[in-house]
Amino acid sequence: MSDGVEAVRRTVGERETRRANRSDWDAYADEYQATHGEFLGDVGFIWSPEGVTEADARVLGDVTGRDVLEIGCGAGQCARWLRTQGARAVGIDLSSRQLQHSRRLDAETDVPVPVACATATALPFADGSFDVAFSAFGALQFVYDAATAVAEVARVLRPGGRFAFSVTHPVRWSMPDDPSEEGLKVTSSYWDRTPYVEQDAAGVVTYVEHHRTVGDWARILGRSGFRLEDLIEPEWPEGHDRVWGGWGPVRGALIPGTAIFSARLG
Ligand SMILES: C[S@@+](CC[C@H](N)C(=O)[O-])C[C@H]1O[C@@H](n2cnc3c(N)ncnc32)[C@H](O)[C@@H]1O
């Protein structure tokens, strides 16, 4: 968080959320890639700070010959790995600076990923374009209107298509974003959906995350025709000591930090 910016809980709508998050991710992209790029791997698919890889978890199943969409792809590391597994993977992201990093990795890895600058709530694809859609800590917790984002995924998927996404585990929203023992206390209600907002001294919103409970996600998926097939709550691996924001070994040993929802259309 920059100087002069405070964190609050307050209501923010879709348009303001998108404006704030686009400029925040544009400004933060270089630092994000410098800090986390090595952990993510230039051609690597990591679902969460616990280090869950798609190679091990196989949440998406066999992607050979499949049309795959990554939502909130950042520098496209996950889609890039899927292309090496035989998928026709493409990505979208709200931040043009994140997508510039994707183009940099296209050149550096020689595994190009087609990408478009777009929001998860208005996917720039025709109905029934994909077999699989996923998001690894991408857009889902950054949109006000998650129901529209999930309905958009249902629209662009073919019947029987798979949708999987990772988000901050909903129980973590009731705790401070602190990886130390200080973060092991409940300071707000689990059921308080008021967004986490960073705002400057003039009250201008600079960053937003939206919280939904486990039940909210199940209902949002069900209303768009998805059947929830799995909810993975990765355990913190022994010997893994990397701290990423509020994630780290201290809290990771006791409570989940990530939820990976896996659903099928129809
Ligand atoms: C934590 S990063 C994750 C990116 C990538 N999956 C990774 O693991 O590095 C979140 C990404 O979501 C993107 N994002 C935020 N809001 C979005 C929206 N409404 N539509 C599409 N992407 C969005 C951000 O620009 C950012 O690149």
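Residues numbered from 1 in each chain as written. Predicted model: local features only at pLDDT ≥ 70, side-chain atom pairs only at ≥ 80, totals over all residues. Heavy atoms only, no water.

*Asks:* Any chance you could explain the overall build of the protein here in plain terms?
*Replies:* Regarding its fold elements, the protein presents 7 helices and 10 strands. In summary, the protein has a C-alpha radius of gyration of 17 Å against a globular reference of 18 Å for 266 residues, a match within 12%. In the protein, buried positions account for 52% of the 266 residues. Considering only intrachain contacts with a sequence separation of at least 6, the fraction spanning at least 24 residues in the protein is 74%. Carbon and sulfur atoms make up 50% of the accessible area of the protein, which amounts to about 11,600 Å² in all. Averaging the coordinates of the 27 positive side-chain charges in the protein and doing the same for the 39 negative ones gives two points 7 Å apart. (Helix = DSSP H or I, 4+ residues; strand = E, 2+ residues; numbered from the N terminus. Rg over C-alpha atoms; globule rule 2.2 N^0.38 Å. Buried < 20%, exposed > 50% of the residue type's maximum accessible area, 1.4 Å probe, protein only. Contact = heavy atoms within 4.5 Å. Areas by Shrake-Rupley, 256 points an atom, 1.4 Å probe, with all protein chains shown as cover. Lys, Arg positive; Asp, Glu negative; His and termini not counted. Charge placed at Lys NZ, Arg CZ, Asp CG, Glu CD.)

*Asks:* Looking at this structure, how should I read the site of the ligand?
*Replies:* Contacts to the ligand come from 21 residues, most closely from Tyr-32, Asp-93, Gln-98, Ala-120 and Ala-136. At 2.7 Å from an oxygen atom of the ligand is found a side-chain nitrogen or oxygen belonging to Tyr-32. Here a nitrogen atom of the ligand and a side-chain polar atom of Thr-119 are 3.2 Å apart. Within the complex, 96% of the 590 Å² of free accessible area of the ligand lies under protein. When residues in the shell around the ligand are grouped by element, the largest group, 3 residues, is from helix α1 (residues 14-40). (Near = heavy atom within 4 Å. Polar contact = N/O pair within 3.5 Å; in protein donor to acceptor, adjacent residues only side chain to side chain.)

*Asks:* What should I look at first to understand the pattern of salt bridges in this one?
*Replies:* Side chains that differ in charge, positive against negative, can pair when their charged atoms come close. What the rule picks out here adds up to 15 salt bridges. A salt bridge links Arg-18 to Glu-14, with the nearest nitrogen and oxygen atoms 3.3 Å apart. Here the residue Arg-18 and the residue Glu-14 both occupy positions in helix α1, the gap between them amounting to 4 residues, near one helical turn. Look at Glu-14 and you get buried, because its relative accessible area is 16%. (Salt bridge = Lys/Arg side-chain N within 4 Å of Asp/Glu carboxyl O.)

*Asks:* Sorry, what's going on with the pairing of strand β10 (residues 258-265) here?
*Replies:* Every other side chain in a regular strand lies on the same face of the sheet, so the side chains alternate between the two faces. β10 sits mainly inside the fold: 7 of its 8 residues count as buried. Sheet analysis places strand β6 (residues 157-168) next to β10, joined by 7 bridges and oriented antiparallel. Its bridge partner being in β10, Phe-165 is matched across the sheet by Phe-261. Taken together, the 6 bridges between strand β9 (residues 226-232) and β10 define a ladder with antiparallel strand orientation. Paired with Phe-226 across the two strands is Leu-265, which belongs to β10. (Pairing = 2+ DSSP bridges.)

*Asks:* I keep staring at the sheet that holds strand β1 (residues 6-9) and nothing clicks. Help me out?
*Replies:* Two modes of strand pairing occur in sheets, parallel and antiparallel, and in both the strands are linked by backbone hydrogen bonds. Read across the open sheet, the 3 strands follow the order β1-β7-β8; overall the sheet is antiparallel. At either end of the open sheet lies a strand with only one pairing partner, and these are β1 and β8 (205-209). Averaged over all adjacent pairs, the angle separating strand axes in this sheet is 25 degrees, with direction ignored. Bridge count for β1 against strand β7 (residues 196-199) is 4 bridges, and the pairing is antiparallel. Note that in β7 the partner of Ala-7 across the bridge is Glu-198. (Axes fitted to C-alpha atoms, helices over the stretch in contact; angles between N-to-C directions.)

*Asks:* Can you help me understand the packing of aromatic side chains in this one?
*Replies:* Working definition: an aromatic ring pair is given by the centre-to-centre distance plus the angle between the planes. Tallied over the full model, the rule gives 20 aromatic pairs. On the basis of an interplanar angle of 85 degrees and a centroid distance of 5.0 Å, the ring pair of Phe-125 and Phe-130 is categorised as edge-to-face. Taking the centre distance of 5.4 Å and the plane angle of 85 degrees together, the rings of Tyr-190 and Trp-191 count as edge-to-face. Each member of the aromatic cluster is reached from another via a ring pair, and the members are Trp-25, Tyr-28, Tyr-32, Phe-39, Phe-142, Tyr-196, Tyr-207 and Trp-244. (Phe/Tyr/Trp six-rings, centres within 6.5 Å; stacked < 30°, edge-to-face > 60°.)

*Asks:* Would you explain the side chain of Thr-258 in this entry?
*Replies:* You can see Thr-258 is positioned in strand β10. Within the local environment of Thr-258, its side chain forms a polar contact with the side chain of Trp-247, the two groups lying 3.3 Å apart. Residues contacting Thr-258, with those up to four places away along its chain left out, are Ser-48, Pro-49, Glu-50, Phe-137, Ser-166, Val-167, His-169, Ile-232, Glu-233, Pro-234 and Trp-247.

Keep in mind that these numbers describe shape and distance, not what the molecule does.
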